[in-house]
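Geometric and topological summary
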Amino acid sequence: MDQLANWWDGAELWIAGLPFIPQVLLVLAVMIPACFGIAWLLDRVLSAVFAAIGRAEPAASDVCAEARSKVEGS
């Protein structure tokens, strides 16, 4: 665990020592794919959980058809 902490401290110090623009570019280059990946993973996991408990979201076409039938029926 100490080796990981030492590596992290070294990486953090290296990033902090960079000028501002390279810092921003490096953080964006890492964070945008990481955040996208986490969001995609959460979407898949939550979709599977909701499908397993029977709370799957209806398709957009089903929602539109239901809304259309309510309007036509009124």
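Residues numbered from 1 in each chain as written. Predicted model: local features only at pLDDT ≥ 70, side-chain atom pairs only at ≥ 80, totals over all residues. Heavy atoms only, no water.

This part covers the overall build of the chain. A tally of helices and strands in the chain yields three helices and zero strands. Taken from the N to the C terminus, the helices and strands of the chain come in the order α-α-α. Burial analysis of the chain (74 residues in total) assigns 0% to the buried set. Of the roughly 6,700 Å² that the chain leaves accessible, carbon and sulfur atoms contribute 71%. (Helix = DSSP H or I, 4+ residues; strand = E, 2+ residues; numbered from the N terminus. Buried < 20%, exposed > 50% of the residue type's maximum accessible area, 1.4 Å probe, protein only. Areas by Shrake-Rupley, 256 points an atom, 1.4 Å probe, with all protein chains shown as cover.)

Now for helix α1 (residues 2-17). For α1, with 16 residues, the first-to-last C-alpha span of 22 Å sits near the 22 Å given by 1.5 Å per residue. The buried fraction of α1 amounts to zero of the 16 residues, a small share that puts the element mostly on the outside. (Expected span 1.5 Å × (residues − 1).)

Another point: the packing of aromatic side chains. What the rule picks out here adds up to one aromatic pair. A ring pair is formed by Trp7 and Trp8, whose centres lie 6.0 Å apart and whose planes are at 50°; its orientation type is tilted. Just as Trp7 is exposed, Trp8 falls in that class too. (Phe/Tyr/Trp six-rings, centres within 6.5 Å; stacked < 30°, edge-to-face > 60°.)

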